[in-house]
Amino acid sequence: MSANLKYVSLGILVFQTTSLVLTMRYSRTLKEEGPRYLSSTAVVVAELLKIMACILLVYKDSKCSLRALNRVLHDEILNKPMETLKLAIPSGIYTLQNNLLYVALSNLDAATYQWPSDSQLDSKELSAGSQFVGLMAVLTACFSSGFAGVYFEKILKETKQSVWIRNIQLGFFGSIFGLMGVYIYDGELVSKNGFFQGYNRLTWIVVVLQALGGLVIAAVIKYADNILKGFATSLSIILSTLISYFWLQDFVPTSVFFLGAILVITATFLYGYDPKPAGNPTKA
């Protein structure tokens, strides 16, 4: 059962990552009348949606009993403050990462965002300054994501708490850090045009996909590991590249890029390859 959950969650993660990158990029570059939605508020809304979804899942696991749900939340979160505080570190890093993703996709094409070192950018479309900002955002998000992923995997696999309880704890701190970011960076815009300024159907799709990503990543780390999560994300690079090239037509891959793609596919195959154990030689 756990093996099936591992590969199902990995497949969903590849789909979620690819669709999130493409829709987020489109939503940040789409020219519409009025103010554009604030990425800081989108991060907070995604965290709140993730909390709501996890509470519903815990409610389902509690046999749809409100009393049992209340007892689980009280026992696992309120009565274990030190266990809850452990999630503040990865939560803060994930919040930073989510904000950086919006910055990166506002300045880079979808394929370059996922593979920053292997693309040629059109100088007519992107200024040198925006390229630098986007690449720095991607690199910072990559390093922070790696640390947070390993840390979160360690917490998940060393305790018996439900992955959904852990996500509620993550979402709680993520909402707090996210609201702090809204107040510091976009406080004036929020007071002027409202928290949900610029939100449309596409914005809500991006927010829901980002919330789904938090749930799927937690499931992958729980039933697989952080390394396999990285391979799943790498596979989404190839899908994003194909879509960017054939459909969006905003990216021209180079020979170095194709070499990197081959290495990713090979590494993914080798990681999942399970050779049959050799039989014991018969004694003469």
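Residues numbered from 1 in each chain as written. Predicted model: local features only at pLDDT ≥ 70, side-chain atom pairs only at ≥ 80, totals over all residues. Heavy atoms only, no water.

### Thoughts on the UniProt feature "transmembrane region" (unreviewed entry) in the protein chain
Next up, step 1: The residues that UniProt annotates with the feature "transmembrane region" (unreviewed entry) are residues 6-25, 37-59, 132-152, 164-184, 204-224, 231-248 and 254-273.
Next up, step 2: Taken end to end, residues 37-59 comprises 91% helix and 0% strand; its first and last C-alpha atoms sit 33 Å apart.
Next up, step 3: Summarising residues 164-184: 100% helix, 0% strand, and an end-to-end C-alpha distance of 30 Å. (UniProt positions renumbered as here; feature names shortened; annotations may be inferred. Helix = DSSP H or I, 4+ residues; strand = E, 2+ residues; numbered from the N terminus.)

### Some points on the pattern of salt bridges
Next up, step 1: This model, assessed by the stated rule, comprises 4 salt bridges.
Next up, step 2: In this structure, Glu47 engages Lys50 in a salt bridge whose closest nitrogen and oxygen atoms are separated by 3.3 Å. Of the two residues, Glu47 and Lys50 are both situated in helix H2 (residues 39-61); the distance of 3 residues between them amounts to about one turn of the helix.
Next up, step 3: Given the relative accessible area of 6%, Glu47 is considered buried.
Next up, step 4: Residue Glu83 pairs with Arg166 through a salt bridge whose shortest N-O separation is 3.0 Å. Here the residue Glu83 occupies a position in helix H4 (residues 81-85), and Arg166 occupies one in helix H8 (residues 163-193), the gap between them amounting to 83 residues.
Next up, step 5: For Glu83, a relative accessible area of 23% corresponds to the partly exposed category.
Next up, step 6: The class for Arg166 is buried, based on a relative accessible area of 0%.
Next up, step 7: Overlapping salt bridges bring together Glu83, Lys86 and Arg166 as one network. (Salt bridge = Lys/Arg side-chain N within 4 Å of Asp/Glu carboxyl O. Buried < 20%, exposed > 50% of the residue type's maximum accessible area, 1.4 Å probe, protein only.)

### Structural notes on a nonpolar patch on the surface
Next up, step 1: On the surface, Phe172, Ile176, Phe177, Met180, Tyr183, Ile184 and Tyr185 cluster together into a nonpolar patch covering about 830 Å² of accessible area.
Next up, step 2: Positionally, Ile176 belongs in helix H8.
Next up, step 3: The partly exposed category is assigned to Ile176, whose relative accessible area is 36%. (Patch = residues over 30% accessible without salt bridge, like charges linked within 9 Å, V, L, I, M, F, W, Y side chains within 5 Å. Areas by Shrake-Rupley, 256 points an atom, 1.4 Å probe, with all protein chains shown as cover.)

### A look at the packing of aromatic side chains
Next up, step 1: If you walk through the whole model with that rule in mind, you get 6 aromatic pairs.
Next up, step 2: Measuring from ring centre to ring centre gives 5.3 Å for Phe172 and Phe173, while their planes differ by 70 degrees; the resulting arrangement is edge-to-face.
Next up, step 3: When its relative accessible area of 45% is taken as the criterion, Phe172 is described as partly exposed.
Next up, step 4: By relative accessible area, Phe173 is classed as buried at 11%.
Next up, step 5: Between Phe195 and Phe196 the ring centres are 5.1 Å apart and the planes differ by 70 degrees, which places this aromatic pair in the edge-to-face class.
Next up, step 6: Of the residues examined, Phe196 reaches a relative accessible area of 47% and is grouped as partly exposed.
Next up, step 7: Three or more aromatic residues joined by ring pairs make a cluster, and in this case those are Tyr37, Phe195, Phe196, Tyr199 and Trp204. (Phe/Tyr/Trp six-rings, centres within 6.5 Å; stacked < 30°, edge-to-face > 60°.)

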